[in-house]
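Here is what each chain is made of, one letter per residue.
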Amino acid sequence: MSSATLSRTDDASVPTGRLTSRRRREASYWTYFIPGAVLFTAVIGIPFFYNIYLSLTRWSGVGKPRFAGFHQYARLFADDVFWTSFRNSLAMVVAMVVVPTVIGLVLAAVLFDYLGRRFGAGVVSVLRATFYLPQILPVVVAGIVWGWVLRPDGAVNGLLEAVGLGSLGQDWLGDPGFAMPAVMLVLVWVQIGYPVVIFMAALGRVDPELYEAAELDGAGWWDRLRAITIPQIRPETYVVTLTCTIAALKVFAPIFALTRGGPENSTNVPSYFAYNTFFKKLDVGYGAAIATVLTLIIVVVAGVFMALQARAERRDER
Amino acid sequence: MSAIITTSTTQAPGTQAPGTDGPASPAPRFTSRLHRGPGRWVVLVLITLCALAVIAPFLLMLLNAFKSPSDYSSNGPLSLPTEIYTKGLTTYWEQVNYPQKLLNSIIISSAVAVAATVVSLLNAFALGIGRVRGRLWIVGLFLLANMLPQEALVYPLYFFAKQVGLYNTQLSVIIIFTVIQSAFGTYLLASVLGTFPRSVLEAAALDGASRWQTLWRVVFPITRPTLTVLVIFFFIWTWNEFFIPLVMLISNKTQTVPVALATLQGDRIMDAPTTNAGALISLIPCVIFFLIFQRTLTRGVMAGAEK
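Being a predicted model, the structure only gives us computed values, none of them experimental. (Residues numbered from 1 in each chain as written. Chains lettered and ligands numbered in written order. Predicted model: local features only at pLDDT ≥ 70, side-chain atom pairs only at ≥ 80, totals over all residues. Heavy atoms only, no water.)

Turning our eyes to something else, we now look at the overall build of chain B. Counting secondary structure elements, chain B contains 13 helices and zero strands. The N-to-C order of helical and strand elements in chain B reads α-α-α-α-α-α-α-α-α-α-α-α-α. Put simply, chain B has 307 residues, and 57% of those count as buried. For chain B, long-range pairs separated by at least 24 residues make up 72% of all intrachain contacts whose partners lie at least 6 apart in sequence. Within the structure as shown, chain B displays about 12900 Å² of accessible surface, and the carbon and sulfur contribution to it stands at 67%. (Helix = DSSP H or I, 4+ residues; strand = E, 2+ residues; numbered from the N terminus. Buried < 20%, exposed > 50% of the residue type's maximum accessible area, 1.4 Å probe, protein only. Contact = heavy atoms within 4.5 Å. Areas by Shrake-Rupley, 256 points an atom, 1.4 Å probe, with all protein chains shown as cover.)

This next bit is on the nonpolar core. The tendency in soluble globular proteins is for nonpolar side chains to be buried side by side. Membership of the largest hydrophobic core comes to 192 residues, with the highest contact counts inside it found for M92 and Y275 of chain A together with Y155, F242, I244 and M248 of chain B. In terms of residue count, helix α4 (residues 80–132) of chain A provides more of this core than any other element does, 21 residues in total. Beyond its immediate chain neighbours, meaning those up to four positions away, Y155 of chain B contacts L54, W59, S60, G61, F278, F279 and V284 of chain A. (Core = buried A, V, L, I, M, F, W, Y, C linked by side-chain atoms within 4.5 Å.)

Helix length check: helix α8 (residues 170–194) of chain B, at 25 residues, gives a terminal C-alpha distance of 34 Å against a target of 36 Å (1.5 Å per residue), a fit within 8%. Counted residue by residue, α8 of chain B has 19 buried out of 25 residues, so it is predominantly covered. (Expected span 1.5 Å × (residues − 1).)

Of the residues lining the interface, 105 residues belong to chain A; the matching set on chain B comes to 114 residues. Carbon and sulfur atoms supply 74% of the area that chain A and chain B bury against each other, a total of about 9600 Å² over both sides. Contact with chain B buries area across many residues of chain A, yet Y29, Y32 and W148 of chain A alone supply 8% of it, more than any other trio. Our count for the contact surface shared by chain A and chain B stands at zero salt bridges. Linking chain A to chain B there are eight residue pairs in polar contact (both at pLDDT 80 or more). Considering only residue class, the side of chain A that touches chain B consists of 71 nonpolar, 18 polar and 16 charged. (Buried area = accessible area lost by both parts, 1.4 Å probe. Salt bridge = Lys/Arg side-chain N within 4 Å of Asp/Glu carboxyl O. Polar contact = N/O pair within 3.5 Å; in protein donor to acceptor, adjacent residues only side chain to side chain. Nonpolar A, V, L, I, M, F, W, Y, C, P; charged D, E, K, R; others polar.)

Let's shift gears to the side chain of R211 of chain B. Relative to the elements of secondary structure, R211 of chain B occurs in helix α10 (residues 211–240). A distance of 2.9 Å separates a polar atom in the side chain of R211 of chain B from a polar atom in the side chain of S28 of chain A.

All names here are of chain B. Here chain B shows a mean pLDDT of 81. Residues at 70 or above account for 82%. Here residues 1–34 scores under 50 on pLDDT; set against residues more than four positions off or in separate chains, the count is 113 contacts. Here residues 300–307 is a poorly scored stretch, pLDDT under 50, and it has six contacts once near neighbours within four places are set aside; other chains count. (pLDDT = per-residue confidence, 0-100.)

There is a patch of nonpolar side chains on the surface, built from V42, V45, L46, L49 and L52 of chain B and spanning about 460 Å² of accessible area. Tracing the sequence through the fold places V42 of chain B in helix α2 (residues 39–65). (Patch = residues over 30% accessible without salt bridge, like charges linked within 9 Å, V, L, I, M, F, W, Y side chains within 5 Å.)

Here the focus is the environment of L127 of chain A. Relative to the elements of secondary structure, L127 of chain A occurs in helix α4. Accessibility expressed as a relative area gives 7% for L127 of chain A, which makes it buried. Residues L127 of chain A and L111 of chain A, 16 residues apart in the sequence, show an inter-C-alpha distance of 8.3 Å. In this structure, L127 of chain A is in contact with L111 of chain A together with L44, I47, T48 and A51 of chain B, ignoring residues within four places of it in sequence.

All names here are of chain A. Taking 1.5 Å of rise per residue, twelve residues should cover 16 Å, and helix α10 (residues 221–232) covers 15 Å from first to last C-alpha, within 8% of that figure. Inspection of α10 places R224, L225, I228 and T229 among the buried residues, and these make up the whole buried set. On an axial view of α10, the arc spanned by its buried residues comes to 125°, and they lie on one face. In α10, the exposed positions angled more than 90 degrees off the buried face are occupied by W222, R226 and A227. (Arc of directions from axis to C-beta.)

This is how it looks when you write it as structure tokens:
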């Protein structure tokens, strides 16, 4: 690296005259990128493109993949399970993004702006930590506890019986009509702490005088929520909705632990559908096609999100 | 960004530390009439009830982890145990060889946490401080990689691992998650190092420090708070990972704590007390990490913000 020291004062904006020294300088930095680049290519780059190739073949995982053109995609679009699984993805977005964000916003505002002032930071901290608790464990552990809670001989039916409503008891996860709402409830429970914690942290940087001024002007709690809280924490809302939407489209572990996509595919989601096709049905080409479509949807959704955010920021600057 | 960040991606929904007093409530220096009255108590009770509903599954789990199967079938899930029954715990402990699973999880998560942080730092050094050409594209690529569903990589990874003899080894999972986590770490650190004070780097160069020395003697110590947070995030995210370990690790010797619980439950051989006991001992490590890490996390995050 002796050459590196020679060119030390260079800056990225050096004009063309000193191009040689700039090249040398870059070369020495590139060496730091080699391990990462090699690993990245081997673990993400090649598998990613190989998966796309596999989606154009018929293959059971042994022997050689046979090229099949767009056969798997044609199959996919004619497959009811595929459409069901993506419809269920929308339900996942409702359960992991829409409901937690709305409830999280209200909870954070109530805890911060309403209860915090009267009961102090201690009470608020304890409540916040409680809401966050489901976020710290492996989601599959949560899934297994809930799987038992919702079993025919589990706690929900036990509770219904205890209050004399035993006739309302159900096999919550075994009935196609109830399985999806039950799974959605579990996911709301898992997710709720994340927006609460992020939004409360965001509220910490809002100027308290805004609230005081609003209050002196006679604004009620609801007015303050609408006029101050929501606009002030928009950047955090954006991050929360983007990360949670991507997580919702990819959700796997809770479905695996709760229902394995059943009953009758009523809770099947693309990731579980792909897993099942790869490893249980050994229909690798088809599984690869599902995974490729899922990837495409995620990239498009993320792209739309980022474009909207960029536009909103430009509007603010004006 | 879960896997990515969260999210798993699940990723970003990671590990903000709530227990600590982050946003202190604003000083109640004015007390208008709106602040008095019973209304607040009503709201407090309502919110507390919501919080109780959130922890109810944990309480139920605790209650039933120590109940015998016959007690469970005769008295149901809501009663207090007639006696403290620990056979559920010991059954699960022995059946899955829990200490082995714990060790596996610790090995995999620690190796990934350290390796992924080192890789992130090296990448970010080239991108953020070296400002190599095309760095915006590279960072964009890492961001994109963060969003990829693991389903789009899993079959080729499974197939290649079988070819090279890494299938069902912890090394395979360690390598895969080192890359996946460092995709996020690179993205984050590259922007942190992009704002690294140039004057410090120039001073180091004037003192005759090589790039390697600059990295380890200057950049590393200054960014250590951020790196600590990354190590903790990567550890916890990897600990909680499920999909790829489920596919890659199929034997008792290699599986992690969450995978062991899920596969045993999948066999439907567990009665309610064993299920609850298994869940209970599977989540204890996470609670411990949480208690240990939350102070470091808050400190680290704040140190990062003060810059």
